[in-house]
Amino acid sequence: MMTARGLAFSYGGTQVLHDVGLSVVPGEVVTLLGPSGCGKSTVLRLLAGLETPHSGVIERDRADPAGGTAFVFQRAALMPWASVLDNVRLPHRLSGRDGRADANAALEAVGLAGMGARYPHSLSGGQRMRVSIARALASGASLILMDEPFGALDEILRFRLNDLMLTLVAERSLGVVFVTHSLFEAAYLSTRVHVIGGGRVVGTVEPALDRRVTGGQQRASTAFGTVVAALSTLLEQAA
Ligand SMILES: Nc1ncnc2c1ncn2[C@@H]1O[C@H](COP(=O)(O)OP(=O)(O)OP(=O)(O)O)[C@@H](O)[C@H]1O
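Residues numbered from 1 in each chain as written. Predicted model: local features only at pLDDT ≥ 70, side-chain atom pairs only at ≥ 80, totals over all residues. Heavy atoms only, no water.

Draft legend 1. Inspection of the side chain of serine 83 at higher detail. Structurally, the position occupied by serine 83 is in the loop between strand 5 (69-72) and helix 2 (84-88). Residue classification places serine 83 among the buried residues on the basis of a relative accessible area of 9%. Of note is the side chain of serine 83, whose polar atom sits 3.1 Å from the backbone nitrogen of aspartate 86. With sequence-adjacent residues up to four places away left out, serine 83 is seen in contact with Gly116, Ala117, Arg118 and Tyr119. (Helix = DSSP H or I, 4+ residues; strand = E, 2+ residues; numbered from the N terminus. Buried < 20%, exposed > 50% of the residue type's maximum accessible area, 1.4 Å probe, protein only. Polar contact = N/O pair within 3.5 Å; in protein donor to acceptor, adjacent residues only side chain to side chain. Contact = heavy atoms within 4.5 Å.)

This is the structure:
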């Protein structure tokens, strides 16, 4: 779906990325893990086209039928004056379409069927994040860039939304590039984890987990422990 190679980027005179590359195909969650300020969000901004790399290339697969890219931020960026349904169908409205059917289907997919008439202020943090994910799904995007989407949620909610994401990725063959601080979340969700330090990929781990096992059983498995240990070692090198 997307391949990036040799990305370098500076803010003013300060180089924050030296050499970052990644690729994502449908059904994959590719995670960027690293200490605060290492450049994870900047990589997402480059992938989203919000910034232009100073060197390196980003190639989007032209054969990708759905083609679109959606962004999900840490704070669910919802319009407070608009209903949940109108928030979710915003991408449709911006391109002159109705979008109700897609928006309702997406709300159902994230477990918020029947909540379309509510307003963001009446939702919990986890529900708001679900609305934000529903908006990304309803937009029809096949590639979703997620910048610490569950960082502000409690552990239980984060676990639930991690499972929801894995289901949606598998069912809809989405590609996801995911940024997180949490090595446990990275281990649980990812097809591949790139650990970033000093603007470079310092190491990559492909969690070899049995994906039929979920929840506490997965997190308590020996395989999971091995992945977490490998990621901690790389994180120590990245810090
Ligand atoms: N608009 C900007 N202008 C100048 N410097 C910036 C800007 N945005 C980010 N930076 C700097 O670039 C570096 C990388 O920032 P980035 O937000 O990509 O890191 P991050 O890994 O996502 O951090 P965090 O995990 O804390 O969100 C940091 O040192 C940050 O201070």
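Draft legend 2. Summary view of helix 5 (residues 125-138). In this model, helix 5 (14 residues) spans 20 Å end to end at C-alpha, consistent with the 20 Å of a helix rising 1.5 Å per residue. Every buried residue belonging to helix 5 is among Gly126, Met129, Arg130, Val131, Ser132, Ile133, Ala134, Arg135, Ala136, Leu137 and Ala138, and all of these are buried. The secondary structure elements touched by the buried residues of helix 5 are strand 5, helix 2, helix 3 (90-94), helix 4 (100-109), strand 6 (143-147) and helix 6 (155-172). Downstream of helix 5 by one or two residues, glycine 140 has phi in the positive range, about 85°. (Expected span 1.5 Å × (residues − 1).)

Draft legend 3. Inspection of the site of the ligand at higher detail. Every residue close to the ligand is listed here: Tyr11, Val16, Pro35, Ser36, Gly37, Cys38, Gly39, Lys40, Ser41, Thr42, Glu148 and His181. Lysine 40 places a polar side-chain atom, nitrogen or oxygen, 2.7 Å from an oxygen atom of the ligand. A distance of 2.5 Å is found between an oxygen atom of the ligand and a side-chain nitrogen or oxygen belonging to threonine 42. Surface burial for the ligand is 56%, taken as the share of its 630 Å² of free accessible area covered by protein chains. Examining the composition of the shell around the ligand, we find that three residues originate from one element, helix 1 (residues 40-47), more than from any other. By residue class, the composition of the shell around the ligand is four nonpolar, six polar and two charged. (Near = heavy atom within 4 Å. Areas by Shrake-Rupley, 256 points an atom, 1.4 Å probe, with all protein chains shown as cover. Nonpolar A, V, L, I, M, F, W, Y, C, P; charged D, E, K, R; others polar.)

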